[in-house]
Amino acid sequence: MTTKNKKRKWKKVMFYLILAFGFLVFAGITFVLIWASNGYSAESQATNYVQEEVDRDSNTGLAFGTGEEVTGIVLYPGARVNYKAYSYLAHRLNEEGLFVYVPRMPLDLAIFNRNRAGDVMEKFPGVDRWYVAGHSLGGAMGAFYVANHPDSVEGMIFLASYPGNDLTDVGVSVLSIYGGLDGVSTPEDIKERDERLPDDAVYVEIEEGNHANFGWYGPQRGDLESPLTPQEQQDIVTEEIVRWIGE
């Protein structure tokens, strides 16, 4: 085989390799888009608490409160869960005097905008003290923001969640609330990651609580059934958060 023929052969091989790689990338992106778009929608019981015009830009998230409260919480949604599913919890926390902002994440995945809390804090400068909270994947992503911006927050609140990074020396308070009947982020999962949290982290187990009841979006695959309604579980969550912040 001549040198010219060898070059022609390698060009053809490279062409097909690039074509195959492009197809795999396209297929991967398509899979992620389909997977994310078939997530969990907010149920009507939650959307009933979405106030009209609560935020000047409703495409970015939902604000509960005036933005002039002393204390605020940025609540990151769980993976593939519509942000409106957390409206009741946000509403209840606001009833207790806290400003709450639930951001809308790209594809309902906080992994694509884990620094979103910073944008919210800039948007509402009237709030003096900030906490970052997150459900499931939202908590793990919120923890990355807290670790990189410890001077911006008072504490981190995990809801059926745990950090993927180390928060032991970050210098912020931590509250971890989880369900005893959680089949997704099990109590064992939570306890196995306790070395990533400071020694004074506060743990609260809702014995009859599960994973999906931290929001209001219906049953979640892999979760266990709870005798509590989402409203009942989130009322407990509200009490625990308000008590912890007030201590």
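Residues numbered from 1 in each chain as written. Predicted model: local features only at pLDDT ≥ 70, side-chain atom pairs only at ≥ 80, totals over all residues. Heavy atoms only, no water.

**Regarding the packing of aromatic side chains**
Scanning the entire structure with this criterion turns up 7 aromatic pairs. An angle of 55° between the planes, with centres 5.3 Å apart, marks the rings of Tyr40 and Tyr217 as tilted. Taken as a pair, Tyr40 in the loop between helix H1 (3-37) and helix H2 (44-47) and Tyr217 in the loop between strand E7 (202-206) and helix H7 (230-246) lie far apart in primary sequence, 177 residues in all. Between Phe99 and Phe124 the ring centres are 4.7 Å apart and the planes differ by 50°, which places this aromatic pair in the tilted class. Taken together, the positions of Phe99 in strand E3 (residues 99-103) and Phe124 in the loop between helix H4 (116-123) and strand E4 (129-135) put the pair 25 residues apart, joining distant regions of the chain. Judged on exposure class, the residue Phe99 and its partner Phe124 are both buried. Connected via pairs of aromatic rings, a cluster forms that spans Phe99, Tyr101, Phe124 and Trp130. Just above the ring of Phe144 sits the side chain of Arg114; from NZ or CZ to the centre is 4.3 Å. Seen from the ring of Tyr162, Arg193 lies directly overhead, with NZ or CZ sitting 4.4 Å from the centre. (Phe/Tyr/Trp six-rings, centres within 6.5 Å; stacked < 30°, edge-to-face > 60°. Helix = DSSP H or I, 4+ residues; strand = E, 2+ residues; numbered from the N terminus. Buried < 20%, exposed > 50% of the residue type's maximum accessible area, 1.4 Å probe, protein only. Lys NZ or Arg CZ within 6 Å of the ring centre and 35° of its normal.)

**What about the sheet that holds strand E1 (residues 61-64)?**
What links the strands of a sheet is backbone hydrogen bonding, and the strands pair in either a parallel or an antiparallel sense. With respect to topology, 7 strands assemble into an open sheet ordered E1-E3-E2-E4-E5-E6-E7, the strand pairing being mixed. The sheet terminates laterally at E1 and E7, the two strands that pair on one side only. Here the strands of the sheet are splayed against their neighbours by 15° on average, with no regard to which way each runs. One ladder, built from 4 bridges, connects E1 with E3; its direction is antiparallel. The residue of E3 that forms the bridge with Ala63 is Tyr101. (Pairing = 2+ DSSP bridges. Axes fitted to C-alpha atoms, helices over the stretch in contact; angles between N-to-C directions.)

**Observations regarding the side chain of Thr71**
Note that Thr71 resides in strand E2 (residues 71-76). Excluding residues within four positions of it along the chain, Thr71 makes contact with Gly97, Leu98, Phe99, Val127, Arg129, Tyr131 and Ile245. (Contact = heavy atoms within 4.5 Å.)

**What to know about the pairing of strand E5 (residues 155-159)**
Burial runs high along E5: 5 of the 5 residues are buried. Of the two faces of E5, the one lined by Gly155, Ile157 and Leu159 and the one lined by Met156 and Phe158 are each fully buried. Note: E4 against E5, 5 bridges, orientation parallel. Counted as the bridge partner of His135 is Leu159 from E5. Alignment of E5 against strand E6 (residues 173-179), held across 5 bridges, turns out to be parallel. Residue pairing across strands places Gly155 opposite Ser173, the latter belonging to E6.

**Points about the packing of helix H3 (residues 87-95) against H7**
H7 packs onto H3 with a crossing angle of 40° between their chain directions and a minimal axis gap of 9 Å. The angle between the axes of H3 and H7 places the two elements in the oblique class. Between H3 and H7 lies a crossing whose hand is right-handed. Only Gln231, Gln234, Asp235, Val237, Thr238, Ile241 and Val242 of H7 make contact with H3, whose side of the interface consists of Tyr88, Leu89, Arg92 and Leu93. The class makeup of the residues in the contact of H3 with H7 is 6 nonpolar, 3 polar and 2 charged. (Parallel < 35°, antiparallel > 145°, perpendicular 65-115°, else oblique. Left-handed = near helix turned anticlockwise from the far one by under 90°. Nonpolar A, V, L, I, M, F, W, Y, C, P; charged D, E, K, R; others polar.)

**Regarding the pairing of E4**
Successive residues of a regular strand alternate their side chains across the two faces of the sheet. Burial analysis of E4 places 6 of its 7 residues in the buried class, the great majority of the element. Where E2 lies against E4, 6 bridges are found, and the strand directions are parallel. When the sheet's bridge partners are listed, Leu75 is paired in E4 with Ala133. Each parallel crossover has a hand, and the one from E4 via helix H5 (residues 137-148) to E5 is right-handed. (Right-handed = clockwise from strand over helix to strand, strands pointing away.)

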